[in-house]
Amino acid sequence: LAASAQKGVLIKEGKYLEEMGRVTSIAFDKTGTLSNASFGLLHFNVVGQTSRTRKEVFGYLALMETPASHPLSNAIVKGAANEQIDVPKLQMQNHTLLP
């Protein structure tokens, strides 16, 4: 416990550390806190029935993610640019961008 505390990890009691041996899965959702917030799109695949091609779907996805500032949005937009996907142009009026 003392060695953990010296490294900035506080554990209330030893029994909690022992219980970690039974853990089978851990999920984190702290972009930029537990990661370096540098994401990349490795693969994009369309699932399900659609009359649109993969490139069309990818283009519309990039269109929706372009105004967003989240690191995952940036990865999608960069992935589309890397594949030279044509992003449709859209003229929006009277809209609000929510944080």
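Residues numbered from 1 in each chain as written. Predicted model: local features only at pLDDT ≥ 70, side-chain atom pairs only at ≥ 80, totals over all residues. Heavy atoms only, no water.

Asks: I keep staring at helix α3 (residues 54–65) and nothing clicks. Help me out?
Replies: In an α-helix, one turn spans 3.6 residues, which is why side chains three or four residues apart end up on the same side. The end-to-end C-alpha distance of α3 is 16 Å, a good match for the 16 Å that twelve residues give at a rise of 1.5 Å each. Within α3, burial applies to Phe58, Gly59 and Ala62. On an axial view of α3, the arc spanned by its buried residues comes to 105°, and they lie on one face. Where α3 is buried, its residues touch α4 (71–82). (Helix = DSSP H or I, 4+ residues; strand = E, 2+ residues; numbered from the N terminus. Expected span 1.5 Å × (residues − 1). Buried < 20%, exposed > 50% of the residue type's maximum accessible area, 1.4 Å probe, protein only. Arc of directions from axis to C-beta. Contact = heavy atoms within 4.5 Å.)

Asks: What am I meant to see in the packing of aromatic side chains here?
Replies: The relative placement of two aromatic rings is captured by the distance of their centres and the angle of their planes. A full pass over the atoms with the stated rule returns one aromatic pair. A centroid spacing of 4.4 Å and a plane angle of 20° characterise the contact between Phe44 and Phe58, whose relative ring orientation is stacked. Of the two residues, Phe44 sits in the loop between α2 (14–19) and α3 while Phe58 sits in helix α3, which places them 14 residues apart along the sequence. On the basis of relative accessible area, Phe58 is assigned to the buried category, the value being 0%. (Phe/Tyr/Trp six-rings, centres within 6.5 Å; stacked < 30°, edge-to-face > 60°.)

Asks: When you look at the confidence of the model for the protein chain in this model, what are you seeing that I'm missing?
Replies: Where the model shows low pLDDT, its predicted coordinates should not be examined in detail. Counting all residues, the mean pLDDT for the protein chain is 86, and 91% of those residues have values of 70 or more. Predicted confidence in the protein chain is weakest over helix α1 (residues 2–6), with a mean pLDDT of 85, and strongest over α3, with 95. (pLDDT = per-residue confidence, 0-100.)

Asks: Sorry if this is basic, but what is going on with the environment of Gly48 here?
Replies: For Gly48, the location among the structural elements is in the loop between α2 and α3. Its relative accessible area of 54% is what places Gly48 among the exposed residues. Taking the C-alpha atoms as reference points, Gly48 and Lys12, separated by 36 residues in sequence, lie 48 Å from one another.

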